[in-house]
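Notes for the structure review
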Amino acid sequence: MGAVLLATKPSGLAMWRDALLAVDPALEIRLWPDWGREEEIESAVIWGAQYLAELRRFPDLRLIVSMGAGVDHLVLPPGPPPGVPVARLKDGMLTQGMAEWVLLNVLRFHRQDPEYRALQAARVWEELPPPETAKRRIGILGLGEIGGAAARLCAHLGFPVMGWSRRPKDQPGIEALHGAAGLDAMLARSDILVCLLPLTPETRGIINARTLGLLPPGAFLINGGRGGHAVQEDILAALDSGALAGAALDVFEPEPLPPEHPFWVHPKVFMTPHAASFTIPSSAAPQVVENIHRARDGRPLINLVDFAAGY
Ligand code: OXD
């Protein structure tokens, strides 16, 4: 029986090993960089593109599982070894974490929290005009696993929610739009724009001066996708001109964001360090082990990455 190679930051290795063994105690697990005999490695469970070049040394590798939802980093050269399928995670806890982070920021902006914090700092007792949930229109870029969950959560609270995707999608209670015309139509009505798209050549830079300019004046931006979705200078310009009233950003280009970047100290920017959600190994382990078994038996894999689509 072949072995499973785990490759991620050293602090995560033992947790992943224990999570996989809890599902299948018979697995033979090797921790990067102690892979032992190269011909024994059958599956690799990795987080990060830095391992891809080295994976070419394992002649019997049948499966790569990426320990996250986004795969943009795996698509770039050198990419995975030719012919080796790559699966990603579709994990309920990861999705839940993202949807919670979106909700946190939707409510932050909707309930005027930045303004109330400023009033508190100035010791001013002042009630702001009450916000109306049914009038705060939310536009979500990306209606996949994560975007769909965030859309449902916001709709459940009574916000009017629109969702934009590449191909037409049907989600009860969500106004679904697609294509170039659908994008512009959604932007024009998005008081809060949320980006949860996969990063592909088509979606790179989708948040830019043109698209930000289509938003209603004083809109808010929430980006939990990837830093590459946004032209960061265009966000700053929109914040400084007042076109955008605030931005909650979890993702940047590059990461970590350099300490001198204006986002760090911008009064209208609410940053988290790519920490909107996490992969919890114990939650993700069953689908990873399922794929390890399937690859071993030559059965069809689940959650395969479609490299032509880029996600
Ligand atoms: C992911 C991430 O894609 O953590 O899972 O960004």
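The structure under discussion appears in the preceding block.
Here the structure is a predicted model, which is why all the values come from computation and not from measurement.

**A look at the site of the ligand**
In the neighbourhood of the ligand, the contacting residues comprise Trp-47, Gly-68, Ala-69, Gly-70, Arg-226 and His-274. Between Gly-70 and the ligand, the recorded distance is 2.6 Å, taken from a backbone N or O atom to an oxygen atom. A distance of 2.8 Å is found between an oxygen atom of the ligand and a side-chain nitrogen or oxygen belonging to Arg-226. Protein contact buries 83% of the 210 Å² of open area that the ligand shows by itself.

**Here's the deal with the packing of helix H3 (residues 92–110) against helix H5 (residues 145–156)**
Running from N to C, H3 and H5 point in directions that differ by 45°, and their axes come no closer than 9 Å. Relative to H5, H3 is oriented oblique. Note on packing geometry: the crossing formed by H3 with H5 is right-handed. Contact with H3, carried on its side by Thr-95, Met-98, Ala-99, Glu-100, Val-102, Leu-103 and Val-106, involves Glu-145, Ile-146, Ala-149, Ala-150, Leu-153 and Cys-154 of H5 and no other residues of that element. Its residues placed into classes, the contact of H3 with H5 shows 10 nonpolar, 1 polar and 2 charged.

**Remarks on the sheet that holds strand E3 (residues 41–46)**
Adjacent strands of a sheet form backbone hydrogen bonds with each other and so pair up, either parallel or antiparallel. Spatially, 5 strands are ordered E2-E1-E3-E4-E5 in an open sheet, and the strand pairing comes out parallel. The sheet is open, and its two edges are formed by strand E2 (29–31) and strand E5 (86–87), each paired on a single side. As judged from the 4 bridges shared by E3 and strand E4 (residues 63–66), these two strands associate in the parallel manner. Across the sheet, residue Ile-46 finds its bridge partner in E4, namely Ser-66.

Calculation notes
Residues numbered from 1 in each chain as written. Predicted model: local features only at pLDDT ≥ 70, side-chain atom pairs only at ≥ 80, totals over all residues. Heavy atoms only, no water. Near = heavy atom within 4 Å. Polar contact = N/O pair within 3.5 Å; in protein donor to acceptor, adjacent residues only side chain to side chain. Areas by Shrake-Rupley, 256 points an atom, 1.4 Å probe, with all protein chains shown as cover. Axes fitted to C-alpha atoms, helices over the stretch in contact; angles between N-to-C directions. Helix = DSSP H or I, 4+ residues; strand = E, 2+ residues; numbered from the N terminus. Parallel < 35°, antiparallel > 145°, perpendicular 65-115°, else oblique. Left-handed = near helix turned anticlockwise from the far one by under 90°. Contact = heavy atoms within 4.5 Å. Nonpolar A, V, L, I, M, F, W, Y, C, P; charged D, E, K, R; others polar. Pairing = 2+ DSSP bridges.

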